[in-house]
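Examination of the molecular architecture
Below, each chain spelled out in residue letters.
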Amino acid sequence: MNSVLRAVVACGVTTGLLVGFAGPAAAVPDPAITNSSPAGYYLGGDGRLHSAGPGSTGPVSTAVIGPPGGNVAAVRRSDGGAAVFTIDNSGSLVAGFTSSGGAGMGFVRHPQTGLAPPGGRITAVQGLTGMHVFFPGSNGSIYHAMYTRPGNPYLAPAPAVPPGTVLPSTSVAGFHVSDRFGVVFTDGSGRVRTVSGFVGSGAAGPIAAWTTSSSTPPGMTRPGSPVAAASAGNRVTAFYNGGDGTLWRLPFSGLTPQPAVALSGPGAVPAGAHLAATLAATGQFVVAYVGADGSVRAATDEFGPQPVPWVVSPPGVHVPGGPLSLGYDDNGYLHIGWCGTDRWIWFIWWWLFRKLVPPPSPPGVDPYHELLPVVSMTATRPHFNVGVTLMY
């Protein structure tokens, strides 16, 4: 068994749960056990927040904090702990923070109600100035809040764009560049747009100042269509689903979006499919989604500037276009998590190390990964939203 799996087995996985598609042992290096481990989160059928570890799932909140299957955003804090954000049943922003040792989680609810649809879209990113949270409001604005530490927000939720700009169901994706931060979204005209900001000083104290830019012409995608963004250091890249099912990458130069690049042909991405993305510290990107056959697919520029998405799981492991989330561990292994058709599933992909062997030609299934079904303490359901992060 590869050492990345030994690391998660040490946290409670039984080897009988391991199924899948491990690559040849000689082709996959065996690094030291990782210092970080994947952490997954979702709102269970009981409305409580549940964590998905390598071996099982279980509740981490004693009270209901949102609708079953609602959206969650998970991020690794600068101190190595995890933070999770969601919109509760009253339309308030709720934040959960693991303790410094990683055990247990405390929750803080912002008192303002009706800000957003319960369980609505939400994204979070760790930047230099704090943890930045974005979500579309019931009034068609996009709200931003910032936390500099576990507890009440340093900047309370406030609009980053005017009301009526987006649909309340709009997908949003956060990013950061140095001390700047922002969000990618699709407006009501089908145009992909970005908003970037920084924290300045106002008459009443700290305030976020915003700049909005158009990234594509109108009609490039459907209003509110899913987007994804990833950032590392001074690099940002974003992704969106064109109206014809084409997967597009939107590169950035600093905070300025550049012309979009097609990563697939038409029809590759189901309408409304969720997208998840991340950047390696060395700059390579991964964007993942679930195809029409229920297989997880991913594209990376590790092997060229215009990659074609690979099929990286068998068909039927998820509902077409279903939600998923991903993150890296300290050895560069990519972990993807989702609530599948019958259980939570971890997917481990050692894509950074595949350069040692020729990659398979698309659309063949990539053999250099393993699927790890996880025993759920309570029933998960297909299409439950998830958040994945790495924590110490």
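Refer to the structure printed above.
Now for a quick tour of the structure. Only a predicted model underlies this, so the values are computations on that prediction, with no experimental measurement involved. (Residues numbered from 1 in each chain as written. Predicted model: local features only at pLDDT ≥ 70, side-chain atom pairs only at ≥ 80, totals over all residues. Heavy atoms only, no water.)

**Considering the environment of Ala277**
Position of Ala277 relative to the elements: it lies in strand E21 (residues 276–279). Looking at Ala277, the relative accessible area reads 17%, which means it is buried. Put simply, Ala277 and Val287 are 10 residues apart on the chain and 4.2 Å apart in space, counted from C-alpha to C-alpha. Not counting the four nearest positions on each side in its chain, Ala277 is found in contact with Ala228, Ala229, Ala230, Phe239, Val286, Val287 and Leu326. (Helix = DSSP H or I, 4+ residues; strand = E, 2+ residues; numbered from the N terminus. Buried < 20%, exposed > 50% of the residue type's maximum accessible area, 1.4 Å probe, protein only. Contact = heavy atoms within 4.5 Å.)

**What about the side chain of Ser264?**
With respect to the helices and strands, the residue Ser264 is situated in the loop between strand E20 (261–262) and E21. Side-chain polar atoms of Ser264 contact the backbone nitrogen of Leu247, separated by 2.9 Å. (Polar contact = N/O pair within 3.5 Å; in protein donor to acceptor, adjacent residues only side chain to side chain.)

**Some words on the nonpolar core**
For soluble globular proteins, nonpolar side chains are generally found buried alongside one another. By size, the foremost hydrophobic cluster in this structure holds 20 residues, and its most contacted members are Val296, Leu324, Ile336 and Trp338. Elements that contribute at least two residues to this core include exactly strand E22 (285–290), strand E23 (296–300), strand E25 (325–328), strand E26 (334–339) and strand E27 (344–349). Every residue in contact with Val296, bar those within four places of it in the chain, is listed here: Tyr289, Val290, Trp310, Val311, Val312, Ser313, Val317, Leu324, Ile336 and Trp338. Among the nonpolar cores identified, the runner-up in size contains 18 residues, and Ala83, Leu93, Leu115 and Ala124 belong to it. (Core = buried A, V, L, I, M, F, W, Y, C linked by side-chain atoms within 4.5 Å.)

**Looking at the pattern of salt bridges**
Scanning the model with the defined rule gives 7 salt bridges in all. Of the charged contacts, one joins Asp187 and Arg191 as a salt bridge, the two residues approaching to 3.2 Å between their closest N and O atoms. As a salt-bridge pair, Asp187 and Arg193 come within 3.5 Å of each other at their nearest N and O atoms. The exposure class assigned to Asp187 is buried, which follows from its relative accessible area of 3%. A network of salt bridges, in which partner residues are shared, links Asp187, Arg191 and Arg193. (Salt bridge = Lys/Arg side-chain N within 4 Å of Asp/Glu carboxyl O.)

**Some thoughts on the environment of Gly267**
Here Gly267 shows up in the loop between E20 and E21. Relative accessible area serves as the criterion here: at 57%, Gly267 is assigned to the exposed category. With 25 residues separating them in the primary sequence, Gly267 and Ala292 have C-alpha atoms 9.2 Å apart. If we ignore the near neighbours within four places in the chain, the residues touching Gly267 are Asp244, Gly245 and Thr246.

**Details of the packing of aromatic side chains**
Taken as a whole and judged by the stated rule, the model has 13 aromatic pairs. Relative to Tyr147, the ring of Phe97 lies with its centre 5.7 Å away and its plane at 55°, an arrangement referred to as tilted. Of the two residues, Phe97 is situated in strand E6 (residues 93–98) and Tyr147 in strand E10 (residues 142–147); the sequence distance between them amounts to 50 residues. A residue is classified by how much of its surface remains accessible, and Phe97, at 5% relative accessible area, is buried. When its relative accessible area of 1% is taken as the criterion, Tyr147 is described as buried. On the basis of an interplanar angle of 5° and a centroid distance of 6.2 Å, the ring pair of Tyr240 and Trp248 is categorised as stacked. Taking relative accessible area as the criterion, Tyr240 reaches 1% and is therefore assigned buried. (Phe/Tyr/Trp six-rings, centres within 6.5 Å; stacked < 30°, edge-to-face > 60°.)

**Structural notes on unusual backbone geometry**
For Ser178, which is not glycine, the phi torsion reads 55° and is therefore positive. Within the fold, Ser178 resides in the loop between strand E12 (172–177) and strand E13 (180–186).

**What about the sheet that holds strand E5 (residues 82–87)?**
A sheet is described by the order of its strands in space; here 4 strands give the open sequence E4-E5-E6-E7, paired in antiparallel fashion. A single partner strand is all that each edge strand has here, and the edge strands are strand E4 (73–76) and strand E7 (105–109). Direction aside, the axes of adjacent strands within the sheet are offset by 20° on average. (Pairing = 2+ DSSP bridges. Axes fitted to C-alpha atoms, helices over the stretch in contact; angles between N-to-C directions.)

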